[in-house]
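Structural overview
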Amino acid sequence: MQTRVLTGITTTGTPHLGNYVGAIRPAIAASHDAGVDAFYFMADYHALIKSDQPARIERSRLEIAATWLACGLDPARVTFYRQSDIPEIPELTWLLTCVTSKGLLNRAHAYKAAVDRNVAEGEDSDAGITAGLYMYPVLMAADILAFNANKVPVGRDQIQHIEMARDIAQRFNHLYGGTFFTLPEALIEEQVATLPGLDGRKMSKSYDNTIPLFEGGPKRLRETIMRIVTDSRAPGEAKSLDDSALFTLYQAFASRAETQVFGKALEDGMGWGEAKEILFERIEDDVAPMRERYDQLIARPGDIEDILVEGALKARSIAAPLVAQLRDAVGLRRMNTVAAPASKATAAKSDKMPRFASFREDDGAFRFRLFGAEGDELLLSRKFADPKQAGALRQRLQSLGGGQAQLDAEGLAYRLVVDGEPVAVSPAYADDTSRDAAMQALRAALDTLAAA
């Protein structure tokens with residue numbers, strides 16, 4: 001059985017060497033695994049959150065598509081498409097928005113960081129923050145859940161978004177009584193290569209220290225490499241490999257044998273100018289054939305368009321039936337589909353109530369969450385080896401009542417203690433006031449459950 005792996009590429013810039021080594025090259029290599037059903041998409045809706053320059057986004061879409069194809073992405077083997085070509089994604093975003101609690105979005109790292117910057121600068125906490133930034137996690141969840149991806153390769157700073165997608169999927173599944181969504185998992189690549197830029201820091205457009213992959217041809221590549229900052233050690237003096245950006249860059253493209261020869265030459269006193277020439281020639285050996293293909297693709301944008309349209313058809317063949325099923329599930333059925341009248345018991349169940357959501361961890365342990373009536377997560381239980389133990393605790397909590405609950409504040413979170421034993425913890429809140437309000441909400445939820 002294949003594992004569906006999904007990767008998004010934001011279309012706001014021109015790919016550089018760091019993108020190629022850290023993301024493009026390993027992703028294309030992974031797509032050749034017979035056990036992987038690979039989905040690669042250009043996240044142009046996400047780009048609108050970061051940029052309001054239409055020409056930049058338009059050009060970036062062309063350059064990024066051409067880059068991935070020139071670097072060896074096989075559209076016959078994978079599903080390669082533009083996010084904006086899949087109308088099911090914005091529709092699913094709205095369906096998911098309607099089950100996503102505001103409290104969950106308030107805790108998103110990107111939004112909190114923007115708020116913190118505003119507060120630090122003495123601005124209104126939401127100054128300059130768009131609804132697009134605030135809703136980013138829901139759109140990302142829709143990207144993933146539209147295709148029920150099993151794994152999503154992300155950096156550690158993106159793990160929270162995958163966890164949020166899981167929470168949103170669980171909430172939808174629970175509310176509408178089905179297993180509509182697979183719960184995605186973050187795929188953390190611990191060995192992802194991080195290349196140094198011209199100044200020795202991580203290569204990033206944010207630092208303006210990148211080395212172009214194709215832009216400007218070999219002349220631009222050589223000129224940029226010649227600008228790499230080195231120390232003052234003269235020719236004839238031994239060079240340290242541990243802090244040499246040149247050596248790290250060379251190693252990312254060369255074989256082990258080539259790397260050993262280059263490293264020894266540096267230690268034996270090779271001058272930085274000569275080392276930069278050798279680095280340029282080694283990178284150019286790899287890049288030149290891909291650049292030729294890239295230039296051909298850029299010159300024929302219609303060919304790229306055909307590939308993306310075909311990819312969108314493949315993607316929609318999966319997303320469209322799922323969204324049609326979801327429309328039925330939420331009650332957006334066609335008028336010629338007659339639904340049986342809801343019984344009083346069914347109507348009663350549809351009222352908003354606190355609820356438990358049980359799940360099983362990857363290690364086989366059993367846990368549950370308690371959500372408030374509005375969908376805010378109030379508690380996460382400890383792990384249990386036996387599901388009956390988890391069930392027994394749930395029954396205990398349902399009869400406990402808020403007045404009998406022992407809640408201990410721990411920093412910006414709190415824990416629930418039963419019979420002297422910590423059994424569940426809350427999420428971390430933004431401040432003491434938010435935490436205390438959540439504690440009151442938990443007491444109210446336990447009172448509601450006890451009275452039901």
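On a predicted model such as this, the values are computed, not experimentally measured, just so you know.

The rules behind these values
- Residues numbered from 1 in each chain as written.
- Predicted model: local features only at pLDDT ≥ 70, side-chain atom pairs only at ≥ 80, totals over all residues.
- Heavy atoms only, no water.
- Core = buried A, V, L, I, M, F, W, Y, C linked by side-chain atoms within 4.5 Å.
- Buried < 20%, exposed > 50% of the residue type's maximum accessible area, 1.4 Å probe, protein only.
- Helix = DSSP H or I, 4+ residues; strand = E, 2+ residues; numbered from the N terminus.
- Contact = heavy atoms within 4.5 Å.
- Pairing = 2+ DSSP bridges.
- Lys, Arg positive; Asp, Glu negative; His and termini not counted.
- Salt bridge = Lys/Arg side-chain N within 4 Å of Asp/Glu carboxyl O.
- pLDDT = per-residue confidence, 0-100.

1. Re the nonpolar core
- Judged by nonpolar contacts, the single largest core of 56 residues is most densely connected at Leu17, Trp68, Phe80, Ile211 and Ile228.
- Examining the composition of this core, we find that ten residues originate from one element, helix α12 (residues 272-299), more than from any other.
- Every residue in contact with Ile228, bar those within four places of it in the chain, is listed here: Leu198, Ile211, Ala245, Leu246, Leu249, Lys276 and Leu279.
- Within the second largest apolar cluster, 46 residues are counted, among which are Ile86, Leu104, Val138 and Ile168.

2. Description of the pairing of strand β3 (residues 79-82)
- In β3, alternate side chains face the same way, and those of Thr79 and Tyr81 on one face and Phe80 and Arg82 on the other are all buried.
- Judged from the four bridges that link them, strand β2 (residues 36-43) and β3 form a sheet pairing that is parallel. Paired with Met42 across the bridge in β3 is Arg82.

3. Notes on the side chain of Arg355
- For Arg355, the position within the fold is in strand β6 (residues 355-360).
- The side chain of Arg355 sits in the buried core without any salt bridge; Asp167 is the nearest counter-charge, 8.4 Å away.
- In contact with Arg355, not counting residues within four places along its chain, are Arg171, His174, Arg369, Leu370 and Phe371.

4. Points about the confidence of the model for the protein
- Overall, the prediction assigns the protein a mean pLDDT of 89, with 95% of residues at 70 or greater.
- Mean pLDDT values over the elements of the protein span from 44, in helix α14 (residues 344-350), up to 97, in helix α4 (residues 88-97).
- This stretch, residues 344-350, has a pLDDT under 50; its non-local contacts, to residues over four places away or in other chains, come to zero contacts.

5. Focus on the environment of Ala405
- Structurally, the position occupied by Ala405 is in the loop between α15 (387-400) and β9 (406-410).
- Given a relative accessible area of 8%, Ala405 falls into the buried group.
- Residues Ala405 and Leu446, spaced 41 residues apart in sequence, show a C-alpha to C-alpha distance of 8.3 Å.

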